[in-house]
Amino acid sequence: MGIFEKFRKNKKEVTPGGSPIYRYEEQENREFQMPAEMGRYAGEIEAQFAQLFPDHKSFVFHELLSDLVHIDVHVICPDEELPFYVLYTTGMSDLPMTLPEEIEEPELYRRSELYLFLPGDWQLGKPGDVGTDIPPEYYWPIHLIKFLARFPHEYKTWLGWGHTMPNGPGYAPIGEGTEMGGVVLTAMDKVPPLKTEDGTTVNFYMVLPAYKEEIEYKLRYGMEKLEERFMEGKVPLVWDIRRPNLCPDFTEVLDGL
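So, here is what we can say about the structure in this document. Please read all numbers here as calculations on a predicted model, not as lab measurements.

**What about the pairing of strand E4 (residues 72–76)?**
- Among the 5 residues that make up E4, 5 are buried, leaving the element largely enclosed by the rest of the structure.
- Here E4 shows a buried face lined by Asp72, His74 and Ile76 and a second buried face lined by Val73 and Val75.
- Pairing of strand E3 (residues 58–61) with E4, which is carried by 4 bridges, proceeds in the antiparallel orientation. Within the sheet, the bridge partner assigned to Val60 lies in E4 and is His74.
- Sheet topology note: the E4/strand E5 (residues 84–90) ladder contains 5 bridges and is antiparallel. Across the sheet, the residue bridging to Ile76 is Val86, located in E5.

Given below as structure tokens:
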């Protein structure tokens, strides 16, 4: 099974921990749609990350063919002062996401981008490389973050803090070399929301790979409790795709999940 099968929005449910569940099924008969605009806030987003991680080499994996939104993945390279890669998207915030009616102050949450940290020895290539230049065992985090960035626009939904997404009902591994079967979105103070020149708020959410038991623990007890587990277990913010499962004892079967 590939990274996150195609979905179509279905009815919403709520977990025992109070988290909304959005189920999706494969879309049918949707035609390819060129983006209405490209890089609306890209320059301002790049400037913010350059300020947060100054004086480091960087390059961009430019998307060659875009459906709905043009998603580029920017790479800030590691060095002696920054021992890991920083990857972040631009283009996800070109369009507003579709928020539930119950969200208060929706204008604060409609536009977002994603980021993640990869180990400094991850082989991400060099400026000018395209996806096919990178071995699949190293390219898959780029494919994953691009998928996630397009997902809310393709399925008319939204992504935000505390959202989790399994790789199918069986939690298939999300990439080569890992047993983690999904992702969780969190945030850190170092990457604050951006207030753009036109007054729009763009949020930034960190993508962390997670095990089935961790995701289902969150569904049962809520994101705050999962973050407590992560803090106690000192979950690395820089991806360690072979890290220990921090909820190995969670075996509860959640009805309807």
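**Remarks on the pairing of strand E10 (residues 201–210)**
- Of all 10 residues that make up E10, 10 are buried, and the element is covered over most of its length.
- Where burial is concerned, the two faces of E10 agree: the one with Thr201, Asn203, Tyr205, Val207 and Pro209 and the one with Val202, Phe204, Met206, Leu208 and Ala210 are both buried.
- Inspection of the sheet shows strand E6 (residues 111–119) paired to E10 by 5 bridges, in the parallel sense. Directly across from Arg111, in E10, lies its bridge partner Val202.
- Bridge count for strand E8 (residues 182–186) against E10 is 5 bridges, and the pairing is antiparallel. Each residue of the ladder has a partner; that of Thr186, found in E10, is Met206.

The rules behind each value
- Residues numbered from 1 in each chain as written.
- Predicted model: local features only at pLDDT ≥ 70, side-chain atom pairs only at ≥ 80, totals over all residues.
- Heavy atoms only, no water.
- Buried < 20%, exposed > 50% of the residue type's maximum accessible area, 1.4 Å probe, protein only.
- Helix = DSSP H or I, 4+ residues; strand = E, 2+ residues; numbered from the N terminus.
- Pairing = 2+ DSSP bridges.

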